[in-house]
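# An overview of the molecular structure
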Amino acid sequence: MATNITWHPSLSRHERNHLRGQRGFTIWLTGLSASGKSTVATALEQHLLHLGLSAYRLDGDNVRFGLNKDLGFSEKDRNENIRRIAEVAKLFADSATIVISSFISPYRADRQMARELHEQANTNSDDPIPFIEVFVDVPLAVAEQRDPKGLYKKARAGEIKDFTGITAPYEEPLDPQIRIRTHELSVEDCVAKITAWLYAQGLLSPTQKAI
Ligand code: ADP
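Throughout what follows, the structure given in this document is the object of discussion. The model shown is predicted, which means the values in this text are computed figures rather than measured ones. (Residues numbered from 1 in each chain as written. Predicted model: local features only at pLDDT ≥ 70, side-chain atom pairs only at ≥ 80, totals over all residues. Heavy atoms only, no water.)

### Regarding unusual backbone geometry
Notably, Ala 96 is not glycine yet its phi reads approximately 70°, a positive angle. Its place among the elements puts Ala 96 in the loop between helix H4 (75-94) and strand S3 (98-102). The class of Ala 96 is buried, set by a relative accessible area of 0%. Backbone geometry at Asp 147 places phi at a positive 35°, although glycine is not the residue there. (Helix = DSSP H or I, 4+ residues; strand = E, 2+ residues; numbered from the N terminus. Buried < 20%, exposed > 50% of the residue type's maximum accessible area, 1.4 Å probe, protein only.)

### Here we look at the packing of helix H2 (residues 37-50) against helix H8 (residues 187-200)
If you want to describe how two helices pack, look at the angle between their axes and the distance between the axes. Interaxial distance between H2 and H8 falls to 9 Å at its minimum, and their mutual angle equals 60°. The angle between the axes of H2 and H8 places the two elements in the oblique class. Of the two elements, H2 crosses H8, and the hand of that crossing is right-handed. Here Thr 39, Val 40, Ala 43, Leu 44, His 47 and Leu 48 of H2 lie close against H8, whose contacting residues are Val 187, Cys 190, Val 191, Ile 194 and Thr 195. For the contact of H2 with H8, the residue count by class is eight nonpolar, three polar and no charged. (Axes fitted to C-alpha atoms, helices over the stretch in contact; angles between N-to-C directions. Parallel < 35°, antiparallel > 145°, perpendicular 65-115°, else oblique. Left-handed = near helix turned anticlockwise from the far one by under 90°. Contact = heavy atoms within 4.5 Å. Nonpolar A, V, L, I, M, F, W, Y, C, P; charged D, E, K, R; others polar.)

### Observations regarding the nonpolar core
Counting residues in each nonpolar core, the largest one holds 25 residues, and the members touching the most others are Ile 27, Leu 48 and Ile 194. Mapped by element, the contributors of at least two residues to this core are strand S1 (25-30), H2, S3, strand S4 (131-136), strand S5 (178-180) and H8. Every residue in contact with Leu 48, bar those within four places of it in the chain, is listed here: Leu 53, Ala 55, Ile 98, Ile 100, Thr 195 and Leu 204. With 15 residues, the next largest nonpolar core counts Val 99, Ala 114, Leu 117 and Ile 129 among its residues. (Core = buried A, V, L, I, M, F, W, Y, C linked by side-chain atoms within 4.5 Å.)

This is how it looks when you write it as structure tokens:
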């Protein structure tokens, strides 16, 4: 029988972060379709993993087809989509993982709700879970010209309803922690801008640079 198990009545997030050697938090990318969220999220996830950190990306591919496959794109369904993603992100972040969420998340109120879920998760007198809003900012015309999946074309032709930027609103962040203009910066520079901010805020430690 194992004898080296120490049982605690509760395990705080602080202890979990300490034992895992990294801080859990959520990087929330928001922006138009084709703004570059998935591209930057993937490059950032890869970079953080290369630094030896635990990082995980939540995006349409692993959430919309599973947990949220019962949801469409009406305003009500988009609200519920973001609520569930925010709850999942909070749990991953609570487990000392860096979450990179990559969803259009067009409504300010939904993003605020996601932030509050994190910031109010301060049980056991733990600190709130950091929530970093990153605005992936490109003009609609650039996104529409990129159109890697041909979605804008279909939306213009009336084949997709409730399409953000065309027939559904996108409410820009008023005060994002980080803004990346993917039509002006390379993917690498976008990742560098985000990680520089994380180092400056002490969310990544300088020793993690070396790996
Ligand atoms: P989203 O996830 O926001 O819908 P994607 O990442 O799927 O956007 O698509 C963005 C498109 O823009 C891709 O074809 C990508 O190659 C291109 N792109 C060009 N420059 C950049 C950049 N600096 N950052 C991210 N994507 C870029």
